[in-house]
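So you can see what is in the structure, the chains are spelled out below.
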Amino acid sequence: MSGAPLPRACAAMLRRDLLLAWRRRGDLAMPVLYAVIVVVLFPFALGPDLALLQRIAGGVVLVTVLLAMLLALDAMFASDIEDGSLEQLVLAPQPLALMLGMKILAHWLATALPLIVIAPLLAGMLHLPAAAMPALLLALLLATPLLSLLGAVLVALTAGTRRSGMLLALMLLPLCVPVVIFAAGAVAAAQEGLPWFAPVAWLGAALILCVVLAPLACAAALRIALDS
Amino acid sequence: MSSWIPLWLHKLGSPPTFYRFAGAVRPWAMGLALLAGAIGLYGGLVLAPADYQQGDAYRIIFIHVPSAWMSMFVYAVMGVSGFMALVWRMKLAEVVAMESAPIGAAFTFITLVTGSLWGKPMWGTWWTWDARLTSELVLLFLYLGVIGLYHAFEDRRQGARAASFLAIIGVINVPIVHYSVVWWNTLHQGSTVNVFGHSKMAGDMLWPLLVMTLATKAYYVASLCRRARTDLLALEGGKDWVRRIAEAEVPR
């Protein structure tokens, strides 16, 4: 039993997941809408004070994107568990970690990329200075895949349970604290005209580590959760 | 001669043996905890002199510091036994990991509460976003996540394995808590008590602290023994040895 060669299997996996996401375009718009609504609420709650909004803009956009991703995280493996295709994937001759890596990539492309595209608009609504925009985008580009990878491990762990929404948030919080700290640190430094490369470099290092380890951990977690 | 220790340890892994062993250990550990707790509290709250700067308020460290040590120690125990549960699939290791989690969460909570009670008169604030306080809070969330994940599964052994995996991922936070006062310049003071060197603390304040540390350790052992016994009975419900215990308990 050998199956299709690896590159073709990876491409097929990616194509399948992206196609599935595209067929349900309405679901794709949900996290984006959620992020817009949350950001719009802030000026109402805090008042349209320009200086205050400018100060919190970076952090608010980061946290909003994080929460919007958390909202979509739950669905990462849900439909595949329902129709049994995830069990087929576990049995497939291709390495599970690689296949899951492709699924995570597809999920990131479908949910995080629209959020990153909309992020400058969100930041603009809160009057984030244009000078800090590159730092925000770079931080988001590195932080969102990190969250997708970490989240995938936890979603895989909860795969065997029925109620997992709130639990997922509770489990993800400790793991995403460093990500938020470094990403927000980069934006804050850029806003004050300080060099902001160091926190971004930390994010990049963490991302490289997670790209290697998280799919393996995700595969191990999935085997635990589906094993019964 | 030297082979009986590994053999005994091997036997200890079986639920009935551990059930009996824990039953024998528990009263002694609980007695030691109560005795050491009484001596330590008396020494700390009555005998030890007041601090020249903080007055009597410093006395909260006799609760705060031992619980803080336990919050990390219990997590380490949970991580190691979780690792054993995943690698060797030992039922007992799963039980120890999962029954440690609520005890560790309680110690973490006590640490946070006593710390903030002390912080109000000393720092002038209940809470500050300092590296050590934040990492201790994250530790509490890790404990809660492990407990929550364990109970989310219908099958308890599967839940224990999944939660063990989460506990192992979270082990990375323990060194962060421990070294946070070294790595970052924080409001929380650095460590005063040094295991391998000279402690920066007067002897008549140090000994109650060490006795309290012994008390919390003994309490953890006693509490773990009791919880593990209950859990083993529930897990092994259909087995012969449990039936025999149940029959012996039936009132005649």
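Everything numeric in this text was worked out from a predicted model, so none of it was measured.

Calculation rules
- Residues numbered from 1 in each chain as written.
- Chains lettered and ligands numbered in written order.
- Predicted model: local features only at pLDDT ≥ 70, side-chain atom pairs only at ≥ 80, totals over all residues.
- Helix = DSSP H or I, 4+ residues; strand = E, 2+ residues; numbered from the N terminus.
- Rg over C-alpha atoms; globule rule 2.2 N^0.38 Å.
- Buried ≥ 20, exposed ≤ 12 C-beta atoms within 10 Å, placed from the backbone.
- Contact = placed C-beta atoms within 7 Å.
- pLDDT = per-residue confidence, 0-100.
- Nonpolar A, V, L, I, M, F, W, Y, C, P; charged D, E, K, R; others polar.
- Axes fitted to C-alpha atoms, helices over the stretch in contact; angles between N-to-C directions.
- Parallel < 35°, antiparallel > 145°, perpendicular 65-115°, else oblique.
- Left-handed = near helix turned anticlockwise from the far one by under 90°.
- Core = buried A, V, L, I, M, F, W, Y, C linked by C-beta atoms within 7 Å.
- Expected span 1.5 Å × (residues − 1).

### Section: the overall build of chain A
So, step 1. Scanning chain A from terminus to terminus reveals 9 helices and 0 strands.
So, step 2. For chain A, the α and β elements follow one another from N to C terminus as α-α-α-α-α-α-α-α-α.
So, step 3. Computed over C-alpha atoms, the radius of gyration of chain A comes to 18 Å, within 12% of the 17 Å expected from 2.2 N^0.38 for 228 residues, which places it in the range of a compact globule.
So, step 4. By principal-axis analysis of the C-alpha atoms, chain A measures approximately 65 × 35 × 30 Å.
So, step 5. Scored against the burial criterion, the 228 residues of chain A give a buried share of 40%.

### Re the overall build of chain B
So, step 1. In terms of helices and strands, chain B carries 9 helices and 0 strands.
So, step 2. Order of helices (α) and strands (β) in chain B, N terminus to C terminus: α-α-α-α-α-α-α-α-α.
So, step 3. Principal-axis analysis of the C-alpha atoms gives chain B an extent of 60 × 45 × 35 Å.
So, step 4. A separation threshold of at least 6 residues defines the contact pool for chain B, and within that pool the share at least 24 residues apart is 75%.

### What about the environment of A:Phe77?
Residue and element names in this part refer to chain A.
So, step 1. Among the secondary structure elements, Phe77 is positioned in the loop between helix H3 (50-73) and helix H4 (78-82).
So, step 2. Exposure remark for Phe77: the 24 C-beta atoms within 10 Å place this residue in the buried category.
So, step 3. Linking Phe77 and Leu216, residues 139 residues apart in sequence, is a C-alpha distance of 16 Å.

### A word on the confidence of the model for chain B
Reading predicted coordinates in detail is not appropriate for stretches of low pLDDT.
So, step 1. With 93% of its residues at a pLDDT of 70 or more, chain B has an overall mean of 85.
So, step 2. Interface confidence in the predicted complex, given as ipTM, is 0.82; pTM for the same model is 0.86.

### Considering the interface of chain B and chain A
So, step 1. On the side of chain A, 18 residues touch chain B, which itself brings 17 residues to the contact.
So, step 2. The set of elements that each furnish at least two residues to the side of chain B that touches chain A consists of helix H5 (131-152) and helix H6 (156-170) of chain B.
So, step 3. A total of 8 residues in the side of chain B that touches chain A trace back to one element, the largest contributor, which is H5(B).
So, step 4. Looking at the side of chain B that touches chain A residue by residue, the class counts come to 10 nonpolar, 5 polar and 2 charged.

### Observations concerning the packing of H3(A) against helix H8 (residues 165-191) of chain A
Residue and element names in this part refer to chain A.
So, step 1. For the pair H3 and H8, the least separation of the axes is 9 Å and the interaxial angle reads 150°. Taken together, H3 and H8 sit at an angle that is classed as roughly antiparallel. Considering only the axes of H3 and H8, their crossing is right-handed. Contact with H3, carried on its side by Gly58, Gly59, Leu62, Val63, Leu66, Leu70 and Leu73, involves Leu168, Ala169, Leu172, Cys176, Val180, Ala183, Ala184, Val187, Ala188 and Gln191 of H8 and no other residues of that element.
So, step 2. Here the contact of H3 with H8 is built from residues that sort into 14 nonpolar, 3 polar and no charged.

### Regarding the packing of H8(A) against helix H9 (residues 197-226) of chain A
All names here are of chain A.
So, step 1. Axis separation between H8 and H9 bottoms out at 8 Å; the angle between their running directions is 155°. Judged on the interaxial angle alone, H9 and H8 are roughly antiparallel. As for the relative orientation of H8 and H9, their crossing is left-handed in sense. Of H9, the residues touching H8 (which contributes Phe182, Ala183, Gly185, Ala186 and Ala189) are Pro199, Val200, Trp202 and Leu203.
So, step 2. For the contact of H8 with H9, the class distribution of residues is 8 nonpolar, 1 polar and no charged.

### Concerning the nonpolar core
Nonpolar side chains tend toward joint burial in soluble globular proteins.
Residues and elements named next belong to chain A.
So, step 1. Core analysis: the biggest nonpolar cluster contains 133 residues, and Ala139, Leu150 and Ala156 have the highest contact counts within it.
So, step 2. Considering each element in turn, this core owes the most residues, 16 residues, to helix H7 (residues 133-157).
So, step 3. Discounting chain neighbours no more than four positions away, the residues touching Ala139 are Ala183, Ala186, Val187, Val200 and Leu203.

### Focus on helix H4 (residues 91-122) of chain B
So, step 1. The end-to-end C-alpha distance of H4(B), which contains 32 residues, comes to 46 Å, matching closely the 46 Å that a straight helix rising 1.5 Å per residue would cover.
So, step 2. In the stretch just after H4(B), B:Gly124 is the one whose phi turns positive, near 80°.

### Describing the environment of A:Asp83
All names here are of chain A.
So, step 1. Position of Asp83 among the secondary structure elements: in the loop between H4 and helix H5 (85-91).
So, step 2. With 9 C-beta atoms counted inside 10 Å, the residue Asp83 sits in the exposed group.
So, step 3. As for Asp83 and Gly151, which are separated by 68 residues in sequence, their C-alpha atoms are 22 Å apart.

### Observations regarding the environment of A:Cys210
All names here are of chain A.
So, step 1. Turning to its location among the elements, Cys210 is positioned in helix H9.
So, step 2. Between the C-alpha atom of Cys210 and that of Pro145, which follows or precedes it by 65 residues, the distance is 9.1 Å.
So, step 3. Excluding anything up to four places from it in sequence, Cys210 contacts Leu146, Leu149 and Leu150.

### Things to note about unusual backbone geometry
In most cases, non-glycine residues show a negative phi, while peptide bonds are predominantly trans.
So, step 1. For A:His127, which is not glycine, the phi torsion reads 60° and is therefore positive.
So, step 2. Along the chain, the position of A:His127 falls in the loop between helix H6 (96-125) and H7.
So, step 3. A positive phi is found at B:Arg89, a non-glycine position, where the angle reads about 55°.
So, step 4. Of note, B:Arg89 is situated in the loop between helix H3 (61-88) and H4.
So, step 5. Owing to 11 C-beta atoms within 10 Å, B:Arg89 belongs among the exposed residues under this scheme.

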